[in-house]
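Structural description and commentary
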Amino acid sequence: MGGAFAAAANDATAAYWNPAGLALIDDIEITTMHAASNDLQAYDFVNLAFHTESAGSYALSYLRLGVDGIGITDASGNSYGTTTYQDQAGLISGGWLLGKQFAIGGTIKFLKTDAYTASAFGFGSDIGLLFRPTKEFTIGLIARDYTGGSYIQWQNTPTNPTQVLQPSATLGLSFTKELGKRQNAGEAQVPVSTLTINLDADTLYAGQALNNYHFGVEYWYKQFVAIRGGFETKGLQFDNDSFTPSAGVGVWAYLFEIDYAFVSNSIGGIHYISLITRL
């Protein structure tokens, strides 16, 4: 969906997209996801989210982005085995309702990078808000590294520098419309179909005098099968380096939701597969 989810986040993955959305879950959810790009870079995500009756909802998450099997050679071309470059993050998140229309959430991030013999460790934090003025319309806002940046300290390098992840903000809009009359599904009534349209704008590239824009559409049929599409673009530029389209499908059966997405970019494509379990 083009990464447009700041206002639509309402499941366990809200820990990443907008922690305020955790306040909307009412059960226990376990999420796993794997993504691969050009058989080189792999991205993995796993988390556990749960709801409490009086103290909000919480999530524990782990992310890894890495490239394995990197060859080690000297100037003469002699091989000395392989190594791995990886970024890892552990997230502790919470979301709380503030009345019927507002929700607030926050995330504490523990960050680690490994690059051959060098490594880095740091901390960060995000804060998110959701406002639902009507049943169909939601506004989301998330400030990442809002305390002035996340600071990552390198070790085992010639200078051991401190890396700073600059603050960024994302504003999201989400509109959901039920299509057709609701029908009975067991003990609950579900809409024949729903259509959701999301739009996000963030300051990720503000240093380049550009904003990053995300647009996504999701159509659910009987809350069973979903079709999704969208795109991401830097500064409303639609050239090959700045425009990233995506599409995907999902199936929700009993306690499980399985989703697949493909994101196209200038160097190939990324395949995402995820599983959400609701208990």
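Small disclaimer: the values here were computed from a predicted structure and weren't measured.

In the Ramachandran plot, Tyr116 falls in the positive-phi region, its phi being about 60° despite a non-glycine side chain. With respect to the element layout, Tyr116 can be found in the loop between strand S5 (102-115) and strand S6 (118-131). Unlike most non-glycine residues, Tyr254 shows phi in positive territory, near 60°. Tracing the chain through its elements places Tyr254 in the loop between strand S14 (243-253) and strand S15 (256-265). With a relative accessible area of 73%, Tyr254 lands in the exposed category.

The next point concerns the nonpolar core. In a soluble, globular protein the nonpolar side chains are often hidden away together inside. In terms of nonpolar packing, the biggest core is built from 13 residues, with Leu63 and Ala89 touching the most fellow members. Counting only elements with at least two residues in this core, the list comes to strand S1 (28-37), strand S4 (79-98), S6 and strand S8 (150-155). Ignoring sequence-local partners within four residues, the contact set of Leu63 consists of Tyr16, Tyr43, Asp44, Phe45, Asp87, Gln88, Ala89 and Leu91.

A separate point is the environment of Thr147. Tracing the sequence through the fold places Thr147 in the loop between strand S7 (137-144) and S8. Along the backbone, Thr147 and Gly94 are 53 residues apart, and their C-alpha atoms lie at a distance of 18 Å.

Before going further, it helps to examine the pairing of S5. Where a strand is regular, its side chains alternate between the two sheet faces. Inspection of the sheet shows S4 paired to S5 by 14 bridges, in the antiparallel sense. Paired with Trp96 across the strands is Ile104, a residue of S5. The hairpin turn running from S4 into S5, its antiparallel successor, is three residues long, and Gly99 in that turn takes a positive phi close to 80°. Pairing between S5 and S6: 14 bridges, direction antiparallel. Residue pairing in the sheet places Gly106 in a bridge with Ile127 of S6. Joining the antiparallel neighbours S5 and S6 is a turn of two residues, in which Tyr116 adopts a positive phi near 60°.

So, on to the pattern of salt bridges. Inspection of every chain in the model, using the stated rule, returns ten salt bridges. Of the charged contacts, one joins Asp126 and Lys109 as a salt bridge, the two residues approaching to 3.0 Å between their closest N and O atoms. You can see Asp126 sitting in strand S6 and its partner Lys109 sitting in strand S5, a full 17 residues away along the chain. Of the two residues, Asp126 and Lys109, both sit in the buried class. When the shortest N-O distance is used, the salt bridge between Lys177 and Glu136 registers 3.4 Å. Placement of Lys177 in strand S10 (residues 168-185) and of Glu136 in the loop between S6 and S7 is noted, with a sequence separation of 41 residues between them. Glu136 sits in the partly exposed class, given a relative accessible area of 28%. Each of the salt bridges in this network shares a partner with another, and the network as a whole consists of Glu29, Glu218, Arg228, Glu257, Asp259 and Arg278.

Reading guide: rules and limits
Residues numbered from 1 in each chain as written. Predicted model: local features only at pLDDT ≥ 70, side-chain atom pairs only at ≥ 80, totals over all residues. Heavy atoms only, no water. Helix = DSSP H or I, 4+ residues; strand = E, 2+ residues; numbered from the N terminus. Buried < 20%, exposed > 50% of the residue type's maximum accessible area, 1.4 Å probe, protein only. Core = buried A, V, L, I, M, F, W, Y, C linked by side-chain atoms within 4.5 Å. Contact = heavy atoms within 4.5 Å. Pairing = 2+ DSSP bridges. Salt bridge = Lys/Arg side-chain N within 4 Å of Asp/Glu carboxyl O.

Just geometry here; none of it tells us what the structure is for.
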